[in-house]
Amino acid sequence: MYRTIFFKNKPTIIGRSTVAGPKEGRGAIAKYIDVKLEDDMFGQDTFEKAETKILYTAIKNAIDISKLNEDDIDKDSFSIINVSLQKDETLKQIQKRGF
């Protein structure tokens, strides 16, 4: 099944960030990683919470690197990956839901 996604505004990449685990952080691509984790679980008690925190961290860092504020980002564009950029409350809300 194929699906076409149309954006209201033209997407532009002006910031990027990478987060990777300890094996990647010691490997051949280490010099390209912004955040190298010491722990695959990123201090979380489930893999899902760790992945959520990794994704949130990468998005937050990309916004910081771009020199923008979260309010400058078209949050509707992120609905396809189901991420809400509501300041630091996002991760707290996800954790409260037990994801």
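For clarity, every value in this text was computed on a predicted model and none was experimentally measured. (Residues numbered from 1 in each chain as written. Predicted model: local features only at pLDDT ≥ 70, side-chain atom pairs only at ≥ 80, totals over all residues. Heavy atoms only, no water.)

Q: Would you explain the packing of aromatic side chains in this entry?
A: One pair of aromatic rings is described through two measures. These are the centre distance and the angle between the planes. Overall, the coordinates contain zero aromatic pairs when judged by the stated rule. We note K53 situated over the ring of F42; from NZ or CZ to the ring centre the distance is 4.4 Å. (Phe/Tyr/Trp six-rings, centres within 6.5 Å; stacked < 30°, edge-to-face > 60°. Lys NZ or Arg CZ within 6 Å of the ring centre and 35° of its normal.)

Q: What should I look at first to understand the nonpolar core in this one?
A: Grouped burial of nonpolar side chains is what soluble globular proteins tend to show. Membership of the largest hydrophobic core is limited to six residues, which are V19, L37, F42, A50, I54 and A58. Broken down by element, the residue count for this core peaks at three residues, all from helix α2 (residues 47-65). Leaving out residues up to four positions away in the same chain, A50 has contacts with D40, M41, F42 and Q44. (Core = buried A, V, L, I, M, F, W, Y, C linked by side-chain atoms within 4.5 Å. Buried < 20%, exposed > 50% of the residue type's maximum accessible area, 1.4 Å probe, protein only. Helix = DSSP H or I, 4+ residues; strand = E, 2+ residues; numbered from the N terminus. Contact = heavy atoms within 4.5 Å.)

Q: Even after reading the chapter, I still don't get α2, so can you show me in this structure?
A: Given 3.6 residues per helical turn, the α-helix brings residues three or four places apart onto the same face. For α2, with 19 residues, the first-to-last C-alpha span of 27 Å sits near the 27 Å given by 1.5 Å per residue. Regarding α2, the residues found buried are K49, A50, T52, I54, Y56, T57, A58, I59, A62 and I63. Following α2 by one or two positions, K67 adopts a phi angle in the positive range, close to 65°. (Expected span 1.5 Å × (residues − 1).)

Q: How do you make sense of unusual backbone geometry when you look at a structure like this?
A: Of all residues except glycine, most have a negative phi; of all peptide bonds, most are trans. Even without glycine at this site, F42 takes up a positive phi of about 50°. As for its placement among the helices and strands, F42 is situated in the loop between β2 (35-36) and α2. Judged by its relative accessible area of 18%, F42 falls in the buried class. Of note, K67 is a non-glycine position whose phi angle comes to about 65°, a positive value.

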